[in-house]
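Coordinates in review
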Amino acid sequence: MTPRTERGRRTRAALLDAAREAFEERGFDDCRMNDIADAAGVSHGTVYTYFESKEEILGQVIDELLVELRDDLRTSVKDPMARIEEANRRYLQAYRDNSRLLRVIEQAAVTNPELGHRLDEFRQRYHARVSTALRRLQEQERVTTDLAPDVAATALCAMVEGFSRYWQRPLTDDINRTLTSLWVNALGLRDEVA
């Protein structure tokens, strides 16, 4: 339900914030609508005024997360090597900032694949943008042409995502340098051809 009043919009936004907090604390399976109401400081009925189920509210939380991630991962850097470095740095931090919610989404996707599908579509769009950029660099003869751009993009993005998932220690400049070096070396990225 889309609220018509400013007060309703604030209440709905507060419920979404509370839901994210409750899901991150309890996980999807153990979180109840009562937990969301308690976290928001509202009655149980108020939650149902805006959302029919915890699946619906998690879907809205996911949609908000994907907007945040899209904005967090944007970069205006033009130089390909600097762009890779910046994108990796931003991704590592965005994953770290949202890791608990991302785990909740994976948990929820087991019983409700549509919730996980939203994140999968986001990944596919991101990988497609990277693939397009790699194809352009191949046309400019700046990266090796014997790699399929879509496969390379998906593999390299998956490397950074997998690293983000499993690396529990602090993020350092050395980590980003290493991941960027792996990208650059895998692609055979070279300075602009004269």
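Structure's up top.
Note that the coordinates shown come from a computational prediction; the quantities given were computed from them, not determined experimentally. (Residues numbered from 1 in each chain as written. Predicted model: local features only at pLDDT ≥ 70, side-chain atom pairs only at ≥ 80, totals over all residues. Heavy atoms only, no water.)

What follows deals with the side chain of glutamate 161. In this structure, glutamate 161 sits in helix 7 (residues 149–166). Beyond its immediate chain neighbours, meaning those up to four positions away, glutamate 161 contacts Tyr91, Tyr95 and Arg123. (Helix = DSSP H or I, 4+ residues; strand = E, 2+ residues; numbered from the N terminus. Contact = heavy atoms within 4.5 Å.)

The next subject is the packing of aromatic side chains. Summed over all chains, the structure comprises three aromatic pairs. Here phenylalanine 23 and phenylalanine 28 contribute two aromatic rings whose centre-to-centre distance is 5.9 Å and whose plane-to-plane angle is 25°, an arrangement assigned as stacked. Grouping residues by exposure puts phenylalanine 23 and phenylalanine 28 together as buried. Relative to tryptophan 167, the ring of phenylalanine 163 has its centre 5.1 Å away and its plane inclined at 20°; by these criteria the two rings are stacked. In this structure phenylalanine 163 comes out as partly exposed when scored by relative accessible area, which is 22%. When its relative accessible area of 22% is taken as the criterion, tryptophan 167 is described as partly exposed. One cation-aromatic arrangement involves lysine 54 over phenylalanine 28; the distance from NZ or CZ to the ring centre is 4.4 Å. (Phe/Tyr/Trp six-rings, centres within 6.5 Å; stacked < 30°, edge-to-face > 60°. Buried < 20%, exposed > 50% of the residue type's maximum accessible area, 1.4 Å probe, protein only. Lys NZ or Arg CZ within 6 Å of the ring centre and 35° of its normal.)

So, about unusual backbone geometry. Even without a glycine there, the phi angle at glutamate 141 is positive, about 60°. Structurally, glutamate 141 is set in the loop between helix 6 (113–139) and helix 7.

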